[in-house]
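Observations on the three-dimensional arrangement
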Amino acid sequence: MRAPAGPRILAAAQALPPHYASQDALLATFREIWGQEHFNLDRLEQLHRAVRVGGRHLALPLERYRALESFAARNEAWTKAAVAIGEKVVRSALLVADLSPAQVDHLHFVTVTGIATPSIDARLVEPLGLRLDVKRVPIFGLGCVAGAAGLARVSDVLAIELCSLTLQRNDLSIPNIIASGLFGDGAAAVVLEGGARGRGPRVAATRSVFYPGTERVMGWDVVDSGFKVVLSPAVPQLVREKMRSDVDSFLADHGYRRSDVAQWICHTGGPKVLEAFEEALELPRTALARSWESLQRVGNVSSASVLFVLSDLLASGEARRGDVGVLIAMGPGFSSELVLLEW
């Protein structure tokens, strides 16, 4: 049986910091920094080219990062930038939804790239003009899966990730080198309502899946200098092993098959992850075209990435009444989040 009608997505917006650096400019900077440590610079370039990212937006001008010597300095910069970009993207989403800040009942905030108390959602109440009785839920630690998880659980979700401010300059491990080429900065906001307006795709169902024994696949080690990335090459293989059965079971429980899905909205985890999605779900390259384009344009923006893809889809007007969509993200836990959308 179908679940009761769920909330509808009124709007999805994305925002990028004003500072942009091409992959070539970033690579030149990393060559200068890591060449002094005798790192194999040819290997550095090979890893950066392999992620297929053309460039990334940064929370700060590129030249300011050298002065951020401590975790405290980077986190202070993260807090200021997160408030600025958070206000911008929430206002954009509310404008598209034709709602005022005073009409927001719930605000859920997700991030994995910085820590603030009061949390960023609290710091946005007055600048945005939210009601003083707005219900706030800050969520930390879900990583790349948090955008999908927030969409699955909430009324209004704000995802902010400023990955550039977590980079460990003294870490020459392969995971950190890959992260330096893959992850970018950005924010996304999605506005949902109970369905009274009768527009936008309906969140028809959601599912969370936790994979035992995978805690070291992805995440952070919190060290003296901040967040040290944990990134295992096992992620694409997990997608290949788990995703087909997870998606098929999820769809079957709601009367659908993969062939019924017109819109695939997949997290831009990287080239190998997207290729694994295509293989596991038996999809042509065109099915994930928006994910590939977003990866090339802005990189992996962690929790905001899948919401960027959703925003691009909604802005295109491509989805039609009667379409079925599946939104998928994976992240630390290790876990996946699935969201069934009906237009």
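The notes below deal with the structure included here. These figures come from a predicted structure and were not determined experimentally. (Residues numbered from 1 in each chain as written. Predicted model: local features only at pLDDT ≥ 70, side-chain atom pairs only at ≥ 80, totals over all residues. Heavy atoms only, no water.)

1. A word on the packing of aromatic side chains
To be explicit about the condition: Note on aromatic pairs: the rings of Phe, Tyr and Trp (six-membered ring only in Trp) are paired at centre separations within 6.5 Å, and the planes decide the class, stacked below 30 degrees, edge-to-face beyond 60, tilted for the rest. A 1.4 Å probe rolled over the protein chains alone gives each residue an accessible area, and that area as a share of the maximum for its type sets the label: buried under 20%, exposed over 50%, partly exposed in between.
The tally for this structure, following the rule as stated, stands at four aromatic pairs. With centroids separated by 5.2 Å and ring planes inclined at 25 degrees, the aromatic side chains of Trp220 and Phe227 adopt a geometry described as stacked. What makes Trp220 partly exposed here is its relative accessible area of 26%. Residue classification places Phe227 among the buried residues on the basis of a relative accessible area of 4%. Among the aromatic residues, those joined into a cluster by ring pairs are Phe71, Phe140, Trp220 and Phe227.

2. Focus: helix α4 (residues 120-128)
This is how it is decided: Segments assigned H or I by DSSP are reported as helices when at least four residues long, segments assigned E as strands when at least two residues long, and all are numbered from the N terminus. The reported arc concerns the directions from the helix axis to the C-beta atoms and nothing else. Note on contacts: a residue pair is in contact if any heavy atoms of the two residues lie within 4.5 Å.
Here α4 has its buried residues at Ile120, Asp121, Leu124, Val125 and Leu128. Seen end-on, α4 carries its buried residues on one side only, within an arc spanning 155 degrees. Elements that come into contact with the buried residues of α4 comprise α3 (71-97), β4 (106-111), β5 (135-140) and β6 (156-162). The first or second residue beyond α4 is Gly129, which carries a positive phi of 80 degrees.

3. Overview of helix α1 (residues 23-35)
Inclusion rule: How far a helix is expected to stretch is found by multiplying one less than its residue total by 1.5 Å.
With 13 residues, α1 should reach 18 Å at 1.5 Å per residue; the first-to-last C-alpha distance of 17 Å fits that figure. By the burial criterion, the buried members of α1 are Gln23, Leu26, Leu27, Thr29, Phe30, Ile33 and Trp34. Buried residues of α1, seen end-on, are gathered within an arc of 160 degrees and therefore sit on one face of the element. Among the structural elements, β2 (19-22), α2 (41-50), β3 (55-58) and α6 (174-182) are those in contact with the buried residues of α1.

4. Some thoughts on the nonpolar core
A general tendency of soluble globular proteins is for nonpolar side chains to be buried together. How we decide: Residue types Ala, Val, Leu, Ile, Met, Phe, Trp, Tyr and Cys, when buried and joined through side-chain atoms within 4.5 Å, form a set referred to as a nonpolar core.
Of all hydrophobic cores here, the largest spans 48 residues; its most connected members are Trp78, Val89, Ile120, Leu158, Ile160, Leu162 and Leu165. Of all the elements in the fold, those that place two or more residues in this core are β1 (8-15), α1, α2, α3, β4, α4, β6 and β7 (185-193). With near-sequence residues (within four places) excluded, Leu158 lies in contact with Gly86, Val89, Val90, Leu107, His108, Phe109, Val110, Leu124, Ala188 and Ala189. Among the nonpolar cores identified, the runner-up in size contains 43 residues, and Val51, Leu251, Cys266 and Ile328 belong to it.

5. Quick look at the side chain of Thr79
You can see Thr79 is positioned in helix α3. Once you skip the residues sitting within four places of it in the chain, Thr79 turns out to touch Ile115, Ala116, Ile120 and Arg123.

6. Points about the pairing of strand β10 (residues 226-231)
Applied cut-off: Only strands joined by at least two bridges in the DSSP assignment are considered to pair.
In terms of burial, β10 is largely enclosed, as five of its six residues are buried. Both strand β9 (residues 218-223) and β10 contribute to a ladder of six bridges, which runs antiparallel. Among the inter-strand pairings, Asp221 is bridged to a residue of β10, identified as Lys228. Where β9 folds back onto β10 in an antiparallel hairpin, the turn is made up of two residues.

7. Examining the pattern of salt bridges
Formally: By salt bridge we mean one thing: a side-chain nitrogen of Lys or Arg within 4 Å of a carboxyl oxygen of Asp or Glu.
Taken as a whole and judged by the stated rule, the model has 21 salt bridges. Across the salt bridge formed by Arg66 and Glu32, the nearest N and O atoms sit 3.2 Å from each other. Taken together, the residues span a long stretch of sequence, with Arg66 in the loop between β3 and α3 and Glu32 in helix α1 at a distance of 34 residues. A relative accessible area of 47% means that Glu32 is categorised as partly exposed. Note that Glu279 and Arg240 form a salt bridge whose closest N and O atoms lie 3.0 Å from each other. Linking Glu279 in helix α8 (residues 271-281) with Arg240 in helix α7 (residues 235-252), this pair joins segments that are 39 residues apart in sequence. Exposure remark for Glu279: the relative accessible area of 47% places this residue in the partly exposed category. Since its relative accessible area comes to 32%, Arg240 is described here as partly exposed. Bridged by salt links that share partners, the residues Asp24, Arg31, Glu45 and Arg49 form one connected network.

8. Observations regarding the environment of Ala276
As for its position among the elements, Ala276 is in helix α8. For the pair Ala276 and Leu238, spaced 38 residues apart in sequence, the C-alpha separation works out to 8.7 Å. Excluding anything up to four places from it in sequence, Ala276 contacts Pro236, Val239 and Arg240.

In short, geometric facts, not functional conclusions.
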